[in-house]
Structure formats: structure tokens, C-alpha cells
Amino acid sequence: MASRRFSWQVWFLLGLGLAVGYLLGQQDHGARGQAPQKGTKKKAPTVARTPIEEQTAVAAAPAYEPAKAGPTHLLQSPGAVSSRQPNDYGLGDHHVSKLPPYPPAGPGDRTPLDLWRYAGRNGPSVGNPTLGMPWEEWVEKCTRQKPLLMAEVRTYMESRYNFSGEAIEGAFMSGGKPIMKGPVARLPKGIKSWEELAALSPEEIRARDLFPYKPLAHPLQSTGHMLFPEQWTKVHPEHIRMDVDFDIPDPYLPEFPPPMFLTTHPELGDVTGGREITLGNYFEIFDGLLTGEQLEGLKELLRPTATTWFNHTTHRVTYEPSAGVSCFSCHVNGHTNGAIELAPDSRPNQARLRVDTPTLRGNYNQQIFSSKRSIRSLDHFSEVEEYFDGDPGGLGQPIGLANRQKQLTNRMGDFNAIIDFPPAPKLGVDMRLKPELCTESELRGEQLFWGKAKCSICHGGPAFGDDYMHNLQVERFYTGRPEGPIKTFPLRNIKDSPPYLHDGRCPTLHDAVEFFNLILELRLTPEEKEDLVAYLLCL
């Protein structure tokens, strides 16, 4: 009886469901099958739109017809079309419309050394690992062009600088290298002194083309990439390039190898004992001093990997296949050897800023890294540093990236975070000079730093930096492409890190003082400039 009753209930429910479904189907069929009345059009099925699409459609309805076919509304919104008149946004002669376009240039082609005059586009964003010519032809092109290129570069640099080799008496870097005296930038013709130049307005300096500190370009910016100074390539001939050489003399660069100081072992002084840290000796030097995590991070900083132009393929600038470079190939011993590169944050290649290798000393006291990109952590900085051309796909993947895992870049950042500045015996705990240890000139320089010279506006705190990016608007003094905001680099231990500014256009501290005397219109006297340099040597 239970089984029979259960069967009856099931059949009843099934029958009821079929009846309801039939009635609903008939109603819907009637509505869809109803013939349209005369004078009306059959409506298309309604397609649901997202709120953004709905807003776009409403805003565009008065002026635009709906798209007739295809999903083009997903690619280009008619509401984004502007009717405003052309506008240079106050840039005037510095706007792209007033500047000559970059001359076309493929890899290895010579580029103007005054690239700051140009603007625009030139080539795609993503590179190609194919040279566009056989290897033998590439080698012949580079070796034939190099002597002519370097002769032009030397002439250009000599027209801008007088590298006399004169040192500041009694002034030395932390490891003992003499510090060069300046300014070495040449005064423009017709100007007898730096004070005469500083008395002119920015508008007059620009109109007469008198500014001596225009940007520096890479000697071969079409190819760009890392370019090592002679003091490095003497020890590391594997990094000698067949297409171009360095353009600033070694006396005006950091000492090699530089000492290394650790926040965790200040009692050791220079932990390296005057040696360059390498994969062959790092364990001997640091075993028992570092944690295992820090030791692994240091190993990764020393491990060479392929880069855009230093690698094992024919897309390279060395005669022999290269194992690549490591972080410490440029940031040697956690400091710098003065090597240059192009900032990977822009295209085309001619628009990218020449950048010096900054020191890693004191990174624990900084909150942003990189000159233009405002990178916010040391491990992130360790990750992006391998993309030297800002192109991990078009060039990096075919050539082969380091592809370090997050835990390894974290450990690289952990070691970076214990690299300390050298001691500064004349600085107290409040980062002010100890009067009993200082000369009158150094004390006057400190007053200028915090007062008339306006240095402290950007350079404060324990590292003498503010962790901001500033736009100095240097283009006020010449007609060319603006460079925009650039990170303020710390001045602590600044004597060990020549040349100065992001591209090295100020080879000495005296040049840096003259540069800011012009930019900030300070009207410093010759004595005040010397006092300011004396103070900077104390940091």
C-alpha cells in the first residue's frame, strides 16, 4: 500500500508540473509569435549592459548613433572624443609640437649627443631579440664605428668639461681615493665668472644658450644598456663593449673597490678588507657574520644573469658570449662603480634618461627607490632591476631572465637593508656638526645648508633626503624636453659618490653647488660656495 501510495503521489506531481509548463509555454509562444502591426519594426532582443556602458550610452546618445555591428564599443568609447582646441598646457617651446622629432635609429646607430633637444616617438614599445643583420655584419659595424664615435664623444665632453685632474687638498673618499676639485664644467663663451652667469635671469640664460649643465646622453643611446668605466673593465674584461666606451675619466668616479659597512657589525669598519666581493670569496668573508637568509640574499646579488646586451645570444655587445651581469657588477660592494644605464621607464630609447648607478648604502633609511618610478620596497627593487630595458617580454624572455622567486628577492632586499653608510666622525647624533671637531668654513657651510642655500628643503633627516620626487624645472634654462620629477637622493656620504645628479652632468661637488646656485637663483658668493663644499665633505 505504501509503495502504491508513493507512486500515485509522484505521478500526480509530475502531471501538475507538465500542465503548468504547457500553459506558460503557450503564453510565451503567443507573445513571441504575434505578428507586428503595420508601421512598426520588430524589436531586437534586449542585451544587458554594465553600469559603465549604460552611462556611456546615455552621455553619447544626443551626438552619436549607436554602433551598428561588432563589439567596437568595448574598444573605443565615442564619449571619449574631445572637442577642445589644441593646448600646450603652458609648456611653450618645451612642448613636443615645438621640438624636432627623434632621428630614426636602430641598434648600433649613432644618436645625437644633445638628445634633450628632441621629442616624440620612434619605434615600438616591445623590443625584438633579432639584430636584423648577420652576426658578422653586426661585429663589423660596431668595431668600424667605435673609433669614430668615441672621437666625437671625447670632443663633445671636452667642449663641456675641463677634466684637469686637480684634487681638493686633504679631501679623500672613505677608502682613501682623492676627491676631485671643481667646477670642471666650462663657462660659456663671453661669460667671465660663475657669479656673472648667476646674475642673469633664467630667461636670458635660455635665450643666449648659456646653461652649462644641460642633460648628458648615453654615448650610444640607440643601443644604450650598461656601460662600465675603465677601472671596472680592467678587472672585468668580459664587460668591455665592442661598440662604445665610457666617457667620464676614472678620477671623477667612485673608488674601486669601495669599502662596505654593515649596520649589524659597525665594529668591523670595512668588512671586505679592501677586496671586491665576488661569488668566489663572499662565503669566506661573511660566514659567521650574516644570517643564512642574508647570506643567500648576498649570493643572489652576486650571481650574474643574462641581460639585454650582455648574454649568450648574438643579441649582445661583447665579442664572446657573456654570462651577463650581477647586481654587484654596478653596485660593487653595495656601493657603486659609476657605471651608467638608461632608465627603463620610458620609450623610445632616445627619450630614456641616462642614469648613474646609485649607492646601496643606507637604503634602510629610504622609502622610495629608482630615479623616476618611485619603487616602494627593496624586494620590489630587486625584482625590477633585472628588466634593464623595461622589456621583460619582447627581449627578456627570448634571452632569458633571472626569474627569481619572491622569496629570493626578499632575501636580496634583506641584505640590501643592512648596508650602512661609512662613519662620519664630525656628525653628532642629531646629524649636526660637532663644533669642536670642525673648521670655521665647515660650520659656515652648515648654516648655509640649513639657510640661504635652501639645501634642507629637500635634504633633511638622518640620510639628508626627503623620500620625495621633485621637479627642478631645469628646462627653464634651455629649450628642450622637460625631464619632470626625479627622486631626491640622500646626501649622507655624498663625497664617495661622484659624479652628481641622476646623469652625472655635475662631475664634482663644486659643480653640484654651481648647478643649484643657478637653478634656485641663490646668488651665493665664491666664499659661500667653498664653505658649502667643505660642509658636504663632512657628511
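Residues numbered from 1 in each chain as written. Predicted model: local features only at pLDDT ≥ 70, side-chain atom pairs only at ≥ 80, totals over all residues. Heavy atoms only, no water.

A.B. asks: Would you mind showing me how to read the overall build of the chain here?
C.D. replies: Looking only at helices and strands, the chain has 15 helices and eight strands in total. A total of 539 residues make up the chain; the buried ones form 48% of that total. Across the chain, the fraction of contacts at a sequence separation of at least 24, relative to all contacts at a separation of at least 6, is 67%. Taken as a whole, the chain presents about 27,700 Å² of accessible surface, with 56% of it coming from carbon and sulfur. (Helix = DSSP H or I, 4+ residues; strand = E, 2+ residues; numbered from the N terminus. Buried < 20%, exposed > 50% of the residue type's maximum accessible area, 1.4 Å probe, protein only. Contact = heavy atoms within 4.5 Å. Areas by Shrake-Rupley, 256 points an atom, 1.4 Å probe, with all protein chains shown as cover.)

A.B. asks: Is there a simple way to explain helix 14 (residues 509-519) in this structure?
C.D. replies: An α-helical segment advances 3.6 residues per turn. Residues three or four places apart therefore align on the same side. With ten of eleven residues buried, helix 14 is to be regarded as a mostly interior element. Those residues of helix 14 that sit buried are L509, H510, D511, A512, V513, E514, F515, N517, L518 and I519. Residues of helix 14 that are buried sit in contact with strand 1 (167-172), helix 4 (194-198), helix 5 (202-207) and helix 15 (526-536). Looking one or two residues past helix 14, E521 carries a phi angle of roughly 50°, positive in sign.

A.B. asks: Is there a simple way to explain the side chain of H459 in this structure?
C.D. replies: The residue H459 is located in the loop between helix 13 (440-449) and strand 7 (469-470) in this model. Within the local environment of H459, its side chain forms a polar contact with the backbone oxygen of F464, the two atoms lying 2.9 Å apart. For H459, the residues in contact, after removing those within four places along its chain, are F449, W450, F464, G465, T488, F489 and L491. (Polar contact = N/O pair within 3.5 Å; in protein donor to acceptor, adjacent residues only side chain to side chain.)

A.B. asks: Is there a simple way to explain unusual backbone geometry in this structure?
C.D. replies: Note: most peptide bonds trans; most residues except glycine with negative phi. Residue P183 follows G182 across a cis peptide bond; omega there is -5°. As for its position among the elements, P183 is in the loop between strand 2 (178-180) and helix 4. In the segment running from R347 into P348, the intervening peptide bond is cis, with an omega of 0°. Tracing the backbone shows P348 in the loop between strand 4 (340-342) and strand 5 (354-356). For M431, which is not glycine, the phi torsion reads 65° and is therefore positive. Checked against the element boundaries, M431 lands in the loop between strand 6 (419-420) and helix 13.

A.B. asks: Teacher, can you tell me more about the environment of D93 here?
C.D. replies: In this fold, D93 is placed in the loop between helix 2 (51-60) and helix 3 (135-160). Look at D93 and you get partly exposed, because its relative accessible area is 36%. Sequence separation between D93 and Y478 is 385 residues, and the spatial gap between their C-alpha atoms is 9.7 Å. If we ignore the near neighbours within four places in the chain, the residues touching D93 are K98, L99, R206 and T479.

A.B. asks: What is the right way to look at the environment of K454 in this model?
C.D. replies: Its location among the elements puts K454 in the loop between helix 13 and strand 7. C-alpha separation for the pair K454 and L522, spaced 68 residues apart in sequence, amounts to 8.3 Å. Filtering out sequence-adjacent residues up to four positions away, K454 remains in contact with L448, F449, L520 and L522.

A.B. asks: Sorry if this is basic, but what is going on with the confidence of the model for the chain here?
C.D. replies: Any residue range with low pLDDT should be treated as having predicted coordinates unsuitable for detailed reading. Confidence along the chain averages 86 in pLDDT terms, with 83% of residues attaining 70 or more. Counted against residues more than four places away or in other chains, residues 26-67, with its pLDDT under 50, gives nine contacts. (pLDDT = per-residue confidence, 0-100.)

A.B. asks: When you look at the packing of helix 14 against helix 15 in this model, what are you seeing that I'm missing?
C.D. replies: What describes two packed helices is the angle between their axes and the distance between those same axes. For the pair helix 14 and helix 15, the least separation of the axes is 10 Å and the interaxial angle reads 125°. By the angle between their axes, helix 14 is oblique relative to helix 15. The way helix 14 lies across helix 15 gives a crossing that is right-handed. Two secondary-structure elements touch here, helix 14 through L509, H510, V513, E514 and N517 and helix 15 through K529, E530, L532, V533 and L536. Grouping the amino acids of the contact of helix 14 with helix 15 by side-chain chemistry returns five nonpolar, two polar and three charged. (Axes fitted to C-alpha atoms, helices over the stretch in contact; angles between N-to-C directions. Parallel < 35°, antiparallel > 145°, perpendicular 65-115°, else oblique. Left-handed = near helix turned anticlockwise from the far one by under 90°. Nonpolar A, V, L, I, M, F, W, Y, C, P; charged D, E, K, R; others polar.)

A.B. asks: What's the story with the packing of aromatic side chains in this structure? I'm lost.
C.D. replies: The geometry of an aromatic ring pair is captured by two quantities: the separation of the ring centres and the angle between the planes. Counting across every chain of the model gives 19 aromatic pairs. When the ring of W116 is compared with that of Y478, the centres are 5.2 Å apart and the planes differ by 75°; the resulting orientation is edge-to-face. Note that W116 is positioned in the loop between helix 2 and helix 3 and Y478 in the loop between strand 7 and strand 8 (486-487), a separation of 362 residues in sequence. For Y478, a relative accessible area of 1% gives the class buried. (Phe/Tyr/Trp six-rings, centres within 6.5 Å; stacked < 30°, edge-to-face > 60°.)

A.B. asks: It is not clear to me how helix 8 (residues 292-302) should be interpreted in this structure. Could you clarify?
C.D. replies: All of the buried residues in helix 8 are Q294, L295, G297, L298, E300, L301 and L302. Looking at the packing, one finds that the buried side of helix 8 touches helix 7 (282-286), helix 9 (327-330) and helix 12 (406-416).

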